[in-house]
Amino acid sequence: MPPQAHAVICPATFRFLPVFLVILTGALLSAMAETGPRYWNQFRGPGGSGVATDCRPPLKISEAHAAWMTPIAYGQSSPVLFGETLFLTALENEDQLVTLAFNKADGKLLWRRPVPPCSLEKVHQANSPAASTPCVDADRVYVYFGSYGLLCYDHQGVELWKKPIPTPKSLYGMSTSPILFQETLIMVLDNDANLPESKLSRSKIIALNRATGDLVWETARPFNRSGWSTPAVLDYDGGSELVVLGHGRVYGYDASTGAEKWFVNGFSRETISAPVTGNGHVFVSASMIGGVSDEQPDREPFWTALLPYDTNKDGKLERSEMTGHFTFPIRPTLPLGHPGFGIPLPKDEAKREERRDGFMRWVDKNKDGFWTKEEFINHLSFNRGKPNLMAIKPDGSGDVTESHVTWALHRNIPEIPTPIFHQNRIYMVRNGGVLTGIDATTGDTLYRKRLGASGHYSPSPVIANNHLYLTSSEGVISVVPVGDSYALAHQYDLDEEVAATPAIDEDTLYVRTKSQLIAFRSKAE
């Protein structure tokens, strides 16, 4: 059934049907309800596609289209919805994780459920303990917290089951989200910790019965370390494959049993975006470590990002100018002082100064007490894995890197946002506000344009109303028509940080900012 298929069947006709047909029709209606425009059930919506074909949210996002704005506690999970209810997670008062449900009509809080007592996992300053997006079906909502594990509620907030899971060891904290497949809930738990008396990882995938929380299958991933990608299911003539991007590789598993089928090498150590399906392929992307999007990146921005520290304006950097938030840049599109901008510094001031002394010696090859632009740019090294977008055919066996990759691209690859497939095109937005359109059949670039909204990009693009909705981490929403050429239809600045991917229904775009949940709704004609 297509992702947005839906139908209306008059309930009065049920009395004329045999009992078994009533049951069958009820199941069919439930399935149809889960694929209509009132359903955005997981990270990036139905099937993780990011596309809401039959929906018409406003093309001109503005305060005038804000049907409501509801204050919420901070978190980075994206909103999901089913029927009339929105669900998300948050961290209240810096110590209480919660699941929240809102009425989508007016934004009023319907219920709040605190997570049982647990120790908060350690996360990077740019992450949150409430980063994983819930998933929801017609009966239940499922939430994962790295600090606790999995919890399941009905739509009224009644707890149905819970499954505490030891917190995986992770470089930045957990952020992968659960997904649903048939009657199972699937969760990837990649882990930097080793198995007892082993050098192999504790990483694994689990599939639970979504009604009871009981384990259905478990598959070890012993060669994988921490990752942040949400898996996807690729349906094809040969069956259904669970596609999981991880440490250096993407894997295909039998979605029903968890049996490993194939893998493709060529990705970096740190993988974040989710696999995307379309045209009988799965499209998988990962930037170079540090968010570098091109195989041969432009080095100029790295130097330019440090020029605010050149207080005497002599075009050089000396040690006495390396103060405040100064560090060695990794993501120059981020503002100075952002925790992801550069190499982390110790909290202890003396140790911070020692590290900056090390930076100085590291780059100052001629030992004259200055960094020149030439010295700095020549020092930069980009050998931390090749940025990659691959088109991969399903139904392989073993290492299919050479046999099943239709094409690969190594430019304009996002670090965090997941690419989006629509009508034989792939769209990607990377840091700096660069949007790229790709022909999904050939991998050829259709266009590469700057949105005019620079900075960092964490939210993934979504499509509705034949337009892309692209949100920067600084909160600028750009609206761009789909197609082979680029045009900017509209842009609106929320004036607040955004980390979550929007949700969509028939006429509304739901945006979670740092402190609010906002419904931008089309006005009745």
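Up top is the structure these notes are about.
Everything in this summary refers to the structure shown in the same document. (Residues numbered from 1 in each chain as written. Predicted model: local features only at pLDDT ≥ 70, side-chain atom pairs only at ≥ 80, totals over all residues. Heavy atoms only, no water.)

### Concerning the overall build of the protein chain
Helix and strand content of the protein chain: four helices and 37 strands. For a compact globule of 525 residues, the expected C-alpha radius of gyration is about 24 Å, and the protein chain comes in at 24 Å, within 12% of that figure. With the C-alpha coordinates of the protein chain rotated into their principal frame, the extents come out at 90 × 60 × 50 Å. Across the 525 residues of the protein chain, 56% fall into the buried class. Expressed as a percentage of contacts within the protein chain between residues at least 6 apart in sequence, the contacts between residues at least 24 apart total 55%. Just so you have it, the protein chain exposes about 21900 Å², and 52% of that area is on carbon and sulfur atoms. Positive and negative charge centroids in the protein chain, built from 50 and 58 side chains respectively, lie 2 Å apart. (Helix = DSSP H or I, 4+ residues; strand = E, 2+ residues; numbered from the N terminus. Rg over C-alpha atoms; globule rule 2.2 N^0.38 Å. Buried < 20%, exposed > 50% of the residue type's maximum accessible area, 1.4 Å probe, protein only. Contact = heavy atoms within 4.5 Å. Areas by Shrake-Rupley, 256 points an atom, 1.4 Å probe, with all protein chains shown as cover. Lys, Arg positive; Asp, Glu negative; His and termini not counted. Charge placed at Lys NZ, Arg CZ, Asp CG, Glu CD.)

### Remarks on the sheet that holds strand 8 (residues 135-136)
To summarise the sheet geometry, strands pair through backbone hydrogen bonds and adopt either a parallel or an antiparallel arrangement. Pairing is antiparallel in the open sheet, where four strands are placed in the order 8-9-10-11. If you trace the sheet from one side to the other, it starts and ends with strand 8 and strand 11 (159-164), each paired once. As defined by bridge partners, strand 9 (residues 140-145) adjoins strand 10 (residues 149-154) across six bridges and the pair is classed as antiparallel. If you follow Val143 over to strand 10, its bridge partner there is Leu151. (Pairing = 2+ DSSP bridges.)

### Describing helix 3 (residues 349-363)
If you check helix 3, its first and last C-alpha atoms are 22 Å apart, about what 15 residues at 1.5 Å a residue would give, namely 21 Å. The secondary structure elements touched by the buried residues of helix 3 are strand 22 (317-318), strand 23 (370-371) and helix 4 (373-379). Among the residues of helix 3, the N-terminal cap falls to Asp348, whose side-chain oxygen and the backbone nitrogen of Ala350 are separated by 3.2 Å. (Expected span 1.5 Å × (residues − 1). Polar contact = N/O pair within 3.5 Å; in protein donor to acceptor, adjacent residues only side chain to side chain.)

### Overview of empty space enclosed by the protein
It is a probe the size of a water molecule, rolled over the atoms, that shows where empty space is left. Scanning the entire structure with this criterion turns up one cavity of 30 Å³ or more. Considered as a void within the structure, the largest cavity measures approximately 40 Å³ in volume. Taken together, Gln42, Phe43, Arg44, Gly47, Gly48, Thr230, Pro231, Ala232, Ala274 and Pro275 form the lining of the largest cavity. Tallied by class, residues from the lining of the largest cavity come to five nonpolar, four polar and one charged. (1 Å grid on protein atoms, 1.4 Å probe; cavity = no way out; pocket = protein on both sides within 12 Å on 5 of 7 lines; lining within 4 Å. Points joined across faces, edges and corners; volume = space filled by probe spheres on them. Nonpolar A, V, L, I, M, F, W, Y, C, P; charged D, E, K, R; others polar.)

### Quick look at the pattern of salt bridges
Within the structure shown, the criterion is met by 19 salt bridges. The closest approach of N and O atoms between Lys104 and Asp505, which form a salt bridge, is 2.8 Å. Highlighted residues: Lys104 in the loop between strand 6 (96-103) and strand 7 (109-114) and Asp505 in the loop between strand 35 (503-504) and strand 36 (508-512), separated in sequence by 401 residues. The partner of Glu506 in a salt bridge is Lys104, and the shortest N-O contact between them spans 3.5 Å. (Salt bridge = Lys/Arg side-chain N within 4 Å of Asp/Glu carboxyl O.)

### Let's talk about the side chain of Ser177
If you trace the backbone, Ser177 turns up in the loop between strand 11 and strand 12 (179-181). In this structure the side chain of Ser177 is engaged in a polar contact, spanning 2.8 Å, whose partner is the backbone nitrogen of Thr133. For Ser177, the residues in contact, after removing those within four places along its chain, are Phe43, Ser132, Thr133, Met187, Thr230 and Pro231.

### Some points on the side chain of Thr327
Within the secondary structure, Thr327 sits in the loop between strand 22 and helix 3. Look at Thr327 and you get buried, because its relative accessible area is 5%. Here Ile343 takes part through its backbone oxygen, which lies 2.5 Å from a polar atom of the side chain of Thr327. Once you skip the residues sitting within four places of it in the chain, Thr327 turns out to touch Leu306, Phe341, Gly342, Ile343, Leu345 and Phe359.

### Here we look at unusual backbone geometry
A positive phi angle, near 70°, is found at Arg44, a position not held by glycine. By the element assignment, Arg44 lies in the loop between strand 1 (39-40) and strand 2 (51-52). One non-glycine residue with positive phi stands out, namely Lys367, at about 60°. Summarising the element assignment, Lys367 is placed in the loop between helix 3 and strand 23. Relative accessible area serves as the criterion here: at 57%, Lys367 is assigned to the exposed category.

### Observations regarding the packing of aromatic side chains
Per the counting criterion, the structure on display carries 22 aromatic pairs. Centre to centre, the rings of Phe328 and Trp371 are 6.2 Å apart; their planes meet at 70°, and the pair counts as edge-to-face. Of the two residues, Phe328 is situated in the loop between strand 22 and helix 3 and Trp371 in strand 23; the sequence distance between them amounts to 43 residues. Arranged with centres 5.8 Å apart and planes meeting at 55°, the rings of Tyr447 and Tyr486 form a pair that is tilted. Within this pair, whereas Tyr447 is found in strand 30 (residues 445-450), its partner Tyr486 is found in the loop between strand 33 (476-481) and strand 34 (490-493), the two being separated by 39 residues in sequence. (Phe/Tyr/Trp six-rings, centres within 6.5 Å; stacked < 30°, edge-to-face > 60°.)

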